[in-house]
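So the chains spell out like this:
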Amino acid sequence: MTGTRRHRAAGPLFVAPFLTLFLLLFLAPLGYAAYLSLFQNRLIGGTVFVGLDNYTQALGDPQLLHGVGRVALFFVIQVPVMLLLALLFALALDSGLLRLARVIRLGIFVPYAVPSVVAALMWGYLYGPDFGPFAQLSRKLDLPAPHFLSDGWMLGSLANIVTWEFVGYNMIILYAALRTIPQELYEAAAVDGAGAWRIAWSVKLPALRPALLLTLLFSVIGSFQLFNEPNLLMKIAPDVITSSYTANLYAYSLAFTGQQVNYAATVSFLLGLVIVIASYGVLLTANRGSRDSRSSRDSRRRTA
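Residues numbered from 1 in each chain as written. Predicted model: local features only at pLDDT ≥ 70, side-chain atom pairs only at ≥ 80, totals over all residues. Heavy atoms only, no water.

Concerning the overall build of the chain
Here is the rule: Put simply, DSSP H or I for four residues or longer makes a helix, DSSP E for two residues or longer makes a strand, and each gets a number counted from the N terminus. Each radius of gyration is computed over the set of C-alpha atoms, and the globule rule expresses the reference value as 2.2 Å times the number of residues to the power 0.38. Each residue's exposure class comes from its accessible area (1.4 Å probe, protein chains only) as a fraction of the maximum for that residue type: buried when under 20%, exposed when over 50%, partly exposed otherwise. Two residues qualify as a contact provided that any one of their heavy atoms is within 4.5 Å of a heavy atom in the partner residue. When charges are counted, neither His nor the chain ends are considered; positive counts come from Lys and Arg and negative counts from Asp and Glu. By convention, the charge on Lys lies at NZ, on Arg at CZ, on Asp at CG and on Glu at CD.
A tally of regular secondary structure across the chain gives 13 helices and 2 strands. Against the compact-globule benchmark of 19 Å for 304 residues, the chain has a radius of gyration of 25 Å, which places it well outside the compact range. Over its C-alpha atoms, taken along the principal directions, the chain stretches across nearly 80 × 80 × 45 Å. By the burial criterion, 35% of the 304 residues in the chain qualify as buried. At a minimum sequence separation of 6, the contacts of the chain that also span at least 24 residues come to 65%. For the chain, the distance from the average position of its 22 positive side-chain charges to the average position of its 14 negative side-chain charges is 12 Å.

Re the layout of surface pockets
Over the atoms, a rolled probe matching the size of one water molecule traces out where space is still vacant. This is how it is decided: With a 1 Å grid spanning the protein atoms alone, the term cavity applies to any set of points in which a 1.4 Å probe fits but cannot get out, the term pocket to an open set with protein on both sides within 12 Å along at least five of seven lines, and the term lining residue to any residue with an atom within 4 Å of a point. Grid points are joined across faces, edges and corners, and a volume is the space filled by probe spheres set on the points.
Of the pockets and cavities examined, the largest pocket occupies roughly 540 Å³. Considering the residues around the largest pocket, the lining is formed by 19 residues, among which L91, S95, A196, A200 and K204 are closest to the centre. Listing elements by their share of the lining of the largest pocket, those giving two or more residues are α3 (62–95), α7 (154–179), α8 (183–191) and α9 (196–207). For the lining of the largest pocket, the leading source of residues is α9, giving 7 residues.

Observations concerning a nonpolar patch on the surface
The condition is simple: Exposure above 30% relative accessible area and no salt bridge define the residues that can form patches, which grow by joining like charges within 9 Å and nonpolar side chains of Val, Leu, Ile, Met, Phe, Trp and Tyr within 5 Å. For accessible areas, the Shrake-Rupley method is used with a probe of radius 1.4 Å. Any residue's cover is judged against the shown protein chains and nothing else. We define a salt bridge as a side-chain nitrogen of Lys or Arg found within 4 Å of a carboxyl oxygen belonging to Asp or Glu.
On the surface, F14, V15, F18, L19, L21, F22, L23, L24, L25, F26, L27 and L30 cluster together into a nonpolar patch covering about 1200 Å² of accessible area. Examined against the element boundaries, F14 turns out to sit in helix α1 (residues 2–36). Classification of F14 as exposed rests on a relative accessible area of 70%.

Overview of the side chain of S157
Residue placement: S157 occurs in helix α7. Take S157: its relative accessible area is 3%, and that puts it in the buried class. Leave out the neighbours within four places in its chain, and S157 touches Y127 and F148.

Looking at the pattern of salt bridges
Pairs can form between side chains of opposite charge whenever their charged atoms are close. According to the stated counting rule, one finds 2 salt bridges in the structure shown. R179 is the partner of D94 in a salt bridge, and the nearest nitrogen-oxygen pair spans 3.0 Å. Taken as a pair, D94 in helix α3 and R179 in helix α7 lie far apart in primary sequence, 85 residues in all. Between D94 and K204 there is a salt bridge; the shortest N-O distance is 2.9 Å. One end of the pair, D94, is in helix α3; the other, K204, is in helix α9, with 110 residues separating them in the sequence. Under the relative-accessibility criterion, D94 is labelled buried at 10%. Of the residues examined, K204 reaches a relative accessible area of 10% and is grouped as buried. Here the salt bridges share partners, and the residues they tie into one network are D94, R179 and K204.

Structural data, given as structure tokens:
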């Protein structure tokens, strides 16, 4: 009986360090930010409680709305390309047909090990209209230099940087999920006469659904928190990337440039709400698709 009590007491003790850090580094700052969002700092009267006035102002703020819309467009363009490349690389590595598979896997993953600040600086140099290698090569060939940092190209240029950074990370998640698929499934499919493409479509892809959902959720969170890349490219393209180019950059600019800490806390909370809604929408859509496919399989079995 004493041993059972000791085992029961050990669990909370092991969890206590995490809960303490979670409380101090996440919940406490979150609560303080929520508190700040309910106030305004005015020239006359100082800090005044305004309730939800900041949220009403933010919901009608065109800069915030344009930033959220721009990030949503970025998500629609960039994430499918990134996840498709990660899926193709993972399937190719798992096929066993590639030579030097370990070297290729490491080469695809290495960009993720590069800090995003360094990656943005590197690609900013490559994109440069005056000193970048693409511009220099174009001038040598008497061709117009590509305007990677122009208003029409900027979102695609940012998407290229983020894709270069995170394809390897998502590939590792998908590749690890592929390695957990029982070998018996492949053998059974081969006995039924399935080829490599059929196995990939009918065995591997259905088994990868949870991993794909996980990478998609990570991509939702990362896309709406886009900050480092536009913040650094803003130095070399200030006419294109403004302080409100993304919602996260807008909140940062409000807090540390405009000294509007209360309004910045409000924008941050609304951005977090958008991320929660988008993530829930992805989960709801994925679960509904899974139920529909499961019910269709069951109906086919009953018909057969």
